[in-house]
Structures are given as C-alpha cells and as structure tokens.
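Analysis of the macromolecular model
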Amino acid sequence: MASSEEPKAKKLKISEQEKTDSVAKASLVELSLLNRSLAHAQREREMSAPLSPNSLFGMGNPLLDICAVVDKDFLDKYTLKPNDQILAEDKHKALFDELVNKFKAEYHAGGATQNSIKIAQWLIQEPHNAGTFFGCIGKDKFGEILKKKAEEAHIDAHYYEQDQEPTGSCAACITGANRSLVANLAAANCYKKEKHLDLEENWKLVESAKVYYIAGFFVTVSLESMLKVAQHASENNKMFCLNLSAPFICQFFKDHLMQLLPYVDVLFGNETEAAAFAKEQDFETKDIKEIAKKVQALPKVNTKRQRIVVLTQGKDETVMALSDKIETFPVLVIDPKDLVDTNGAGDAFVGGFLSGLVREKSLDQCMRAAHYSANVVIRRSGCTFPEKPDFV
C-alpha cells in the first residue's frame with residue numbers, strides 16, 4: 001500500500017514545485033514588464049526638456065467666435081454645409097447679426113492657430129507664456145476681449161493693432177454634432193510683415209521659439225510672413241508645423257501651400273482636406289494612407305528631419321506617416337450623449353500634439369495628448385476646456 005502511494009506523493013511534490021516555479025516565472029515577467037514600463041516613463045521624463053517662455057510660436061487670424069445652435073433653414077438660407085469652413089462673402093453680411101438676434105449665442109476667443117496655442121499652453125501649464133501668438137486685431141471692444149482672453153489663457157499674445165478694420169469674428173453655426181464656420185477676417189486680414197513681424201522686439205520672440213505652428217488659413221493673409229518664419233525654422237533645424245485647414249485652401253491657394261510645403265516638418269489635416277489636396281496634386285488616390293505617404297515623400301529643404309504627416313478622420317483612426325512607415329491610432333471613445341459639438345476639435349487635436357512636440361515627447365505621447373485634448377473639447381461648447389487637464 002505504501003509503495004503504491006509513494007509515486008503519487010512524489011508527483012504531488014513535483015506538481016507543487018512546478019506551480020511554485022510557474023508563479024515565480026510569472027512574477028519575474030510582471031516585474032520585467034513593470035521595470036520596462038518605469039524605464040519608458042523615466043525616458044519620457046528625461047526627454048521632456050524644461051521649457052522656457054516663448055518656446056512655442058503661433059501666428060494666424062485672431063477671431064472672436066460667435067457660437068450658436070441653428071436649424072437647417074438657417075444653413076440653407078446662407079448656403080452653408082453642415083460641416084465646413086468658409087470665408088464670409090457679401091451674401092453672409094446679415095448672418096452675424098441674425099445669429100446673435102435669433103439664436104442664443106456664446107462668445108469665445110478663437111481663430112484656428114490661437115486655439116491650438118491656447119490648448120498647448122493649457123496642457124503645459126507651467127511655465128506660463130510658453131506659447132507666443134502673433135495676429136492682427138482692431139482697436140475696439142472685441143479686440144479688448146481677445147487680449148483679456150489671451151491673458152487668461154496664459155499665452156503671450158502680441159497683436160498688431162490697427163484702426164482701419166474691426167476685430168475679426170467667426171460664426172460657428174452648430175447643427176447636432178456638426179459645425180459650419182463662417183469667418184469674417186476683417187482686422188485679421190490686415191496683418192503686415194514689415195509693421196509687426198520684422199520689428200526687432202517681435203522677431204526676437206520668433207527666434208526664441210523651437211516649435212512653430214501656423215494654420216493654412218493664414219496663407220490668405222500674409223504668405224510672406226509664413227515663409228519668413230518657415231525659412232528661419234528650417235535654417236536653424238527647428239520644427240515648422242502647418243495645417244491644411246480647409247478644402248478651399250487646398251483648392252484655391254494650392255500654389256501658396258506648395259511654396260510652404262518644402263519647409264514643413266509636421267503637416268496636419270483631416271480626411272476632407274486631405275482628399276481635396278490629393279485631387280489638386282493629381283495623386284490619383286482617395287486612400288487616406290496613400291495620400292499621407294505621398295505627402296510625406298514630397299521634397300523637403302531641411303533633410304535633417306523627416307516630414308511627419310498626421311491626418312485625422314473624425315471618430316475613425318488617425319493616420320500618421322513617417323519615413324516609409326504608416327501608423328494608425330484609435331481615437332478615444334465617447335458616448336454620443338456626451339458629445340456637445342465638434343467646433344474646435346481639430347484645433348484642440350493640434351494643440352495637444354504641439355504640447356508634446358515642444359516638450360520633446362515621443363510621437364506616441366504627442367498623439368495621446370492630441371486625442372485627449374480633442375476628446376475634452378467635443379464635450380464642451382466651442383474650443384473651451386476646464387481649468388486643469390486630467391492627463392499624464
């Protein structure tokens with residue numbers, strides 16, 4: 001009897017030993033993964049260079065956003081598309097007053113580039129004034145509001161102030177989750193390189209930056225200013241970032257874009273802008289990944305940096321092209337009932353990405369910050385955000 005039980009006892013001992021060994025191995029694997037994760041986090045912290053004020057530079061059209069929920073009849077009356085961005089024409093003159101008088105309107109400091117710089121500063125938190133912004137406003141009430149809003153957002157706004165045109169505004173006509181933007185540039189259209197950018201005290205601020213961002217909208221205002229900044233960035237191996245901004249920019253200002261593109265280190269756009277750009281450039285493809293690859297491969301002046309192309313697709317995955325690699329990144333899921341409006345989502349995405357770039361984070365981290373920022377903004381009205389970010 002004893003002899004027949006002995007092998008069972010040995011087997012049980014071996015089985016217990018195997019279980020112990022297995023648990024020990026699993027613990028070692030977990031410890032290894034934890035160490036790897038901690039090492040990665042440490043590398044991220046080390047790569048995150050301490051920032052100085054004016055490290056991030058933006059230049060664009062400062063606008064006061066007038067946001068209101070409208071109906072389809074209002075869109076039809078002014079021949080607006082549910083999700084588009086256009087410049088105001090004569091037929092839109094009455095739109096701004098009607099928006100305020102007929103609907104419940106809210107005011108926010110806006111303009112694509114200024115929004116992105118604000119979001120980047122919000123994520124950076126300290127130091128204040130890490131972001132600089134140049135643009136043109138009027139000497140009026142709306143201009144004073146914009147100056148106050150920039151100060152509240154802790155960005156170092158240096159506006160060129162003139163009295164020929166009033167401060168620009170942008171009607172954000174919201175229907176459901178869509179927004180149709182109608183921009184009346186007014187003063188924003190009056191930016192002058194020689195009267196502002198070329199001034200010694202202003203150019204010093206440009207020189208102190210290490211990352212530059214200008215939305216494509218500004219090509220309608222001052223291409224020469226954009227080229228001066230882009231060339232400075234390229235000559236000094238700094239990062240120059242551009243946004244396609246809207247299909248009409250790709251269609252009607254394609255020559256301007258193509259003058260800038262050789263200096264572009266990071267290009268942003270969404271799927272409709274990418275499609276418009278591809279059509280104008282005869283890419284002969286509608287595939288978003290192929291478009292990203294083709295744009296990435298276009299000629300570049302500063303060969304020390306490879307161009308990065310980042311194309312968003314709303315709720316669908318974001319596409320990034322770098323070298324011969326295409327990567328995709330899922331956006332953060334949001335319950336439809338939590339979605340307030342998409343106005344400013346693209347600007348927020350870029351702002352998040354820039355906050356990572358200027359702190360020398362990895363591209364994965366930049367993308368995480370970008371998706372986080374967009375997710376915050378679409379839960380609120382306009383390009384607004386809580387006092388502090390909840391992002392690590």
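Residues numbered from 1 in each chain as written. Predicted model: local features only at pLDDT ≥ 70, side-chain atom pairs only at ≥ 80, totals over all residues. Heavy atoms only, no water.

Let us look at the overall build of the protein chain. Each helix and strand in the protein chain was counted, giving 14 helices and 14 strands. Expressed as a percentage of its 392 residues, the buried residues of the protein chain come to 50%. Summarising the internal contacts of the protein chain: among those between residues at least 6 apart in sequence, 75% fall at separations of at least 24. For the protein chain, the accessible area works out to roughly 19300 Å², and carbon and sulfur atoms hold 52% of it. (Helix = DSSP H or I, 4+ residues; strand = E, 2+ residues; numbered from the N terminus. Buried < 20%, exposed > 50% of the residue type's maximum accessible area, 1.4 Å probe, protein only. Contact = heavy atoms within 4.5 Å. Areas by Shrake-Rupley, 256 points an atom, 1.4 Å probe, with all protein chains shown as cover.)

This part is about the sheet that holds strand S10 (residues 239-243). With respect to topology, nine strands assemble into an open sheet ordered S6-S5-S1-S9-S10-S11-S12-S13-S14, the strand pairing being mixed. Looking at which strands have only one partner, the edges of the open sheet turn out to be strand S6 (156-162) and strand S14 (325-329). Taking the axes of each pair of neighbouring strands and ignoring which way they run, one obtains an average angle of 20 degrees across the sheet. (Pairing = 2+ DSSP bridges. Axes fitted to C-alpha atoms, helices over the stretch in contact; angles between N-to-C directions.)

What follows deals with the packing of helix H4 (residues 112-124) against helix H13 (residues 345-358). In a packed pair of helices, the relevant descriptors are the angle between the two axes and the axis-to-axis distance. With their axes 7 Å apart at the nearest point, H4 and H13 run at an angle of 50 degrees to one another. When the axis of H4 is compared with that of H13, the two are oblique. Pair H4 / H13 crosses with right-handed handedness. Facing Ala112, Asn115, Ser116, Ile119, Ala120, Leu123 and Ile124 of H4, the residues of H13 in contact are Asp347, Ala348, Val350, Gly351, Gly352, Leu354, Ser355 and Val358. Here the contact of H4 with H13 is built from residues that sort into nine nonpolar, five polar and one charged. (Parallel < 35°, antiparallel > 145°, perpendicular 65-115°, else oblique. Left-handed = near helix turned anticlockwise from the far one by under 90°. Nonpolar A, V, L, I, M, F, W, Y, C, P; charged D, E, K, R; others polar.)

A few words now on the sheet that holds strand S8 (residues 178-184). In space, the five strands of this open sheet follow the order S3-S8-S7-S2-S4, with mixed pairing throughout. The open sheet terminates on both sides in strands that have one partner only, identified here as strand S3 (84-87) and strand S4 (106-110). For this sheet, the mean inter-axis angle between neighbouring strands, taken without regard to orientation, is 20 degrees. Bridge count for strand S2 (residues 63-69) against strand S7 (residues 169-175) is six bridges, and the pairing is parallel. Bridged to isoleucine 66 within S7 is alanine 171. Against the sheet, H4 touches S2 and S4, its axis set at about 85 degrees to S4.

Each regular strand displays side chains that alternate between the two surfaces of the sheet. Across the five residues of strand S11 (residues 266-270), five count as buried, placing the element largely inside the fold. Side chains Val266, Phe268 and Asn270 project from S11 onto one buried face, and the interleaved Leu267 and Gly269 project onto a second face that is buried too. As paired strands, S10 and S11 are joined by three bridges and run parallel to one another. The residue bridging asparagine 243 from the neighbouring strand is phenylalanine 268, located in S11.

Moving on, we get to the pattern of salt bridges. Applying the stated rule across the entire model yields 17 salt bridges. Linking glutamate 360 and lysine 210 is a salt bridge whose minimum nitrogen-to-oxygen distance equals 3.3 Å. On the criterion of sequence distance, the pair formed by glutamate 360 in the loop between H13 and helix H14 (363-377) and lysine 210 in the loop between helix H7 (200-208) and strand S9 (211-215) is long-range, its members being 150 residues apart. In this structure, aspartate 338 engages arginine 379 in a salt bridge whose closest nitrogen and oxygen atoms are separated by 3.7 Å. Taken together, the positions of aspartate 338 in the loop between S14 and H13 and arginine 379 in the segment after H14 put the pair 41 residues apart, joining distant regions of the chain. Overall, the relative accessible area of 35% leaves arginine 379 in the partly exposed class. (Salt bridge = Lys/Arg side-chain N within 4 Å of Asp/Glu carboxyl O.)

Here we come to the environment of glutamate 273. Note that glutamate 273 resides in helix H11 (residues 271-280). Assessed through its relative accessible area of 4%, glutamate 273 is described here as buried. A C-alpha to C-alpha distance of 7.0 Å links glutamate 273 and cysteine 250, two positions 23 residues apart in sequence. Ignoring sequence-local partners within four residues, the contact set of glutamate 273 consists of Gln85, Asn243, Leu244, Ser245, Ala246, Pro247 and Cys250.

What follows covers the pairing of S10. When you tally the buried positions in S10, you get five out of five residues, the bulk of the element. Handedness of the S9-helix H8 (residues 223-235)-S10 crossover: right-handed. (Right-handed = clockwise from strand over helix to strand, strands pointing away.)

This part is about the nonpolar core. Side chains of nonpolar character tend, in soluble globular proteins, to be buried together. If you look at the biggest cluster of nonpolar residues, it comprises 59 residues, and the most contacted ones within it are Met59, Tyr191, Val229 and Phe240. Not counting residues up to four positions away in its chain, the partners in contact with valine 229 are Phe57, Met59, Leu197, Trp203, Val206, Tyr212, Ile214 and Phe240. Grouped together as the second largest cluster of nonpolar side chains are 36 residues, Leu51, Leu64, Met239 and Phe349 included. (Core = buried A, V, L, I, M, F, W, Y, C linked by side-chain atoms within 4.5 Å.)

Turning to the packing of aromatic side chains, a few remarks are in order. By the definition in use, this model includes 16 aromatic pairs. Taken together, a centroid distance of 6.4 Å and an interplanar angle of 35 degrees make the contact between phenylalanine 217 and phenylalanine 248 tilted. Of this pair, phenylalanine 217 sits in the loop between S9 and H8 while phenylalanine 248 is found in helix H9 (residues 247-252), placing the two residues 31 residues apart along the sequence. Directly above the aromatic system of tryptophan 203 lies the positively charged group of lysine 228, at a separation of 4.3 Å from the ring centroid. It is lysine 294 that lies over the ring of phenylalanine 283; its NZ or CZ is 6.0 Å from the centre. (Phe/Tyr/Trp six-rings, centres within 6.5 Å; stacked < 30°, edge-to-face > 60°. Lys NZ or Arg CZ within 6 Å of the ring centre and 35° of its normal.)

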